[in-house]
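# Reading the structure
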Amino acid sequence: RVALAQPSRQTTAAPSPSTMPGYREISVDPETIVDNEDAVDEAHGARAVLARQGCGRAVSVTAVALLVVVATFAWWSGAHHAHLGTQPAAEPMTAAEVVSKAHGELESPDKPKERSEPSESEAHKDPEVQGKPKAKSEPSSSPRACTQMPGVRLQNGQGAVDGSGKKADDANACAERCRQSPDCGQAVYSTGGQGCYLFKEPAKDLKEYEADGKKDGAGDVFSSAVCGSAVEMAVHAVDAKKQRVAAVQEEWSKAEKRAQDLLKKLQPADKFALLHGVDSSSGFAGYLNPAAGGGNPTAKPLTMNDGPQGFNPYTDPALAGTSTQFPSLLTVAASFNPDTSRQYAAAIVEEFVGKGSNVLLGPDLEVTRVASTGRSFESLSGEDPFLGSQLVQPFVQAVQSKGIIATIKHWLDNNQEIGRMTMNVEVGDRAQHEIYMPPFKAAMDAGAGAVMCSYNKIYGQHACENSKLLKKLLREDAGFRGFVMSDWGATHDAVKSATSGLDVEMPGSNGKFMQLPQLVGEGKIKQSTIDTMASHVLASMFQAGQFDDRYPGTVLNSVSRTDVTSDAHRNVARQAIIDGAVLLKNKGSTLPLATKGKKIAMIGQYCNTDIYI
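The structure displayed is predicted, hence computed values, not measured ones. (Residues numbered from 1 in each chain as written. Predicted model: local features only at pLDDT ≥ 70, side-chain atom pairs only at ≥ 80, totals over all residues. Heavy atoms only, no water.)

### Some words on the side chain of Thr491
Examined against the element boundaries, Thr491 turns out to sit in the loop between strand E17 (483-486) and helix H14 (494-500). Only 3.4 Å separates the side chain of Thr491 from the side chain of Ser486, close enough to count as a polar contact. If we skip the residues at most four places from it in the chain, Thr491 touches Ser486, Ser497, Leu502, Glu505, Lys512 and Phe513. (Helix = DSSP H or I, 4+ residues; strand = E, 2+ residues; numbered from the N terminus. Polar contact = N/O pair within 3.5 Å; in protein donor to acceptor, adjacent residues only side chain to side chain. Contact = heavy atoms within 4.5 Å.)

Structure below.
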């Protein structure tokens, strides 16, 4: 029996559970995780309302960033806005309304507000004030802000600002220089010469300079920023996100068209070859050969490898040390910095190319439920779905831009290590959409080509044969257009998995999907289902540019034994550690520790014991 309580906001002392409002007891299976949706609504509702009011842990120097957070959250969540306790739900606010509200609070945070006009909620209710024009605020009085685009080289703007071209330490410093200059509307930063180029007016068409948006010269990595009033930038951030998502969806539409054209030319054996891995001596974690059927010779093999924290050569101990040991994804999450995520992923991608791998099995995006969970260190989301949503986008873009398919995992609710093969998870739809799905959705919007389904059961069914999970939540609600692969050995029934939305079984050899030809012949699986599964794989390959030589190296049939580490990559790893180390308080100058002549004692039963939770 698990007691689930919804605490009262009026409580100051800890009462006994039975006296707390909302207390109830339910009987559950010992291996079932129940996410109390009422309690989730309470906590998440508080966050949503605070966000809409422009509140939270922001201080003055981050108020501008909060505007962008607020506007983006409001635009994405739409009708899913939560409410506190038993108060009536507030009317959903548009991004413009949220920005306008926060803008007014920023202009005069200490000035008493005069209610010369009805509030937004009153305007919705009072027919006499509906349709009245809203008073416009003067842009000149608004604080300035910048919308930064890490890794993107925009077209040059109009008119150079005094000091344009001078060196800056990094992209953030360049953007800050533009923000502080009232004449600056756009900044472009180059790592090659640390040049910070400032323009009075942003480019009329905010398109990337090159198709991949990364390089303009050998070794150069660019970042851009568009600056203006805080209100303008908040609205710009929302519009820019819509444009980026639309561009990705257009890429998918083109990829799907090419996939369908190729599918028409393939024989059944070619289609089946796309749906499972094969045994090989490749040394990669997984190997799928699309050309094994004989009629798809131009398709390169999918050489899959872990992982999200660097190329892991665990299949061959002799390769240890030939790739960089990057810090954990949780360290990247602790940086709260999208550019750290981008640089981290870009360095890993270079090593994947050097090793000959074109499918990265990551990043992990599970939202952490309990801090002691065994694999919490692998999560780019930490315990915050919004944080994960912001950090995963540059990560995925860095991976996919080099012709490597990013595989986001594990879908879904894979938040515990003990019993992960057999446990059942029950989560309400609202908690799924507001807490567990947003990081995955953000990754899909950025172009992630593959999703890995998890080992655990959800709603009583295994994740990789779960129609609600793979069709309703993933395809219909989140809009995923790539292919779904199983975790290694997570396929239990070929018919259930194929008809419920699984596309690829891994590792595949001697697996359930080896039965697909026979099951189609027996009429237990439709040929149209096989065609859909195969088209998802081909579309992902086209979308990643794997038929167009976007991959900058050679896809190898076995792991390269070359040492792909470098000082540059070690510096990226070191900087990620620095960025992720956040000192919240240093009372009495406790740190750094005066360690000379002293020892640190580690006390406890787990000091010399591995433990998985």
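### Describing the state of the cysteines
Applying the stated criterion across every chain yields a total of four disulfides. Residue pairing for Cys174: its cysteine sulfur links by disulfide to Cys196, the two sulfurs lying 2.1 Å apart. Taking the sign of the S-S torsion, 85° for the link of Cys174 and Cys196, the bridge is right-handed. Of this pair, Cys174 sits in helix H5 (residues 171-180) while Cys196 sits in strand E7 (residues 195-201); the two residues are 22 residues apart in sequence, bridging distant segments of the chain. Shown here is the disulfide that connects Cys178 with Cys184, its sulfur atoms set 2.0 Å apart. (Disulfide = S-S within 2.5 Å.)

### Topic: unusual backbone geometry
A cis amide bond links Lys409 with the next residue in sequence, His410, at an omega value of -5°. Counting through the fold element by element, His410 comes out in strand E12 (residues 405-411). Here the amide bond leading from Trp411 into Leu412 is cis, since omega sits at 10°, within 30 degrees of zero. As for its position among the elements, Leu412 is in the loop between E12 and strand E13 (424-427). The phi dihedral of Asp413 falls on the positive side, at around 60°, and the residue is not glycine. In this model, Tyr459 sits at a positive phi of 60°, which is unusual for a non-glycine residue. In this fold, Tyr459 is placed in the loop between strand E15 (457-458) and strand E16 (461-462).

### A look at the sheet that holds E17
With mixed pairing, the six strands of this open sheet are ordered in space as E9-E10-E11-E12-E14-E17. Of all the strands in the sheet, just strand E9 (286-288) and E17 have a single pairing partner and so form its edges. Both strand E11 (residues 359-360) and E12 contribute to a ladder of two bridges, which runs parallel. Bridge pairing in E12 links Val359 to Ile405. Packing against the sheet, helix H10 (residues 385-400) makes contact with E11 and E12, and its axis sits at approximately 140° to E12. (Pairing = 2+ DSSP bridges. Axes fitted to C-alpha atoms, helices over the stretch in contact; angles between N-to-C directions.)

### Regarding the nonpolar core
In this structure, Leu275, Leu302, Trp411, Met444, Met485 and Leu516 are the most contacted members of the largest nonpolar core, which totals 105 residues. Once residues lying within four places of it in the same chain are set aside, the contact partners of Leu516 are Phe272, Leu275, Ala498, Ile525, Ile530 and Met533. One finds Cys146, Cys174, Leu198 and Ala225 within the second-largest nonpolar core, a separate group that totals 14 residues. (Core = buried A, V, L, I, M, F, W, Y, C linked by side-chain atoms within 4.5 Å. Buried < 20%, exposed > 50% of the residue type's maximum accessible area, 1.4 Å probe, protein only.)

### Digging into the confidence of the model for the protein
Any segment with low pLDDT has predicted coordinates that should not be analysed in fine detail. Of all residues in the protein, 74% attain a pLDDT of 70 or more, and the chain-wide mean is 80. Here residues 98-140 is a poorly scored stretch, pLDDT under 50, and it has 40 contacts once near neighbours within four places are set aside; other chains count. Contacts of residues 210-218 to residues separated by more than four positions or lying in other chains number 19 contacts, the stretch itself having pLDDT below 50. (pLDDT = per-residue confidence, 0-100.)

### Overview of the packing of helix H11 (residues 429-436) against helix H12 (residues 438-445)
Close contact between H11 and H12 brings their axes to 6 Å; oriented N to C, the two are set at 55°. Here H12 runs oblique to H11, going by the angle between their axes. Mapping the contact onto sequence places Gln432, His433, Glu434, Ile435 and Tyr436 in H11 and Pro438, Pro439 and Phe440 in H12. Taken together, the residues of the contact of H11 with H12 sort by class into five nonpolar, two polar and one charged. (Parallel < 35°, antiparallel > 145°, perpendicular 65-115°, else oblique. Nonpolar A, V, L, I, M, F, W, Y, C, P; charged D, E, K, R; others polar.)

### Some thoughts on helix H16 (residues 527-543)
Counted at 1.5 Å a residue, the expected span for H16 with its 17 residues is 24 Å, and the 24 Å between its end C-alpha atoms agrees. Here H16 lies mainly inside the structure; 12 of its 17 residues are buried. Directly after H16, the chain includes Gly545, whose backbone phi takes a positive value near 80°. (Expected span 1.5 Å × (residues − 1).)

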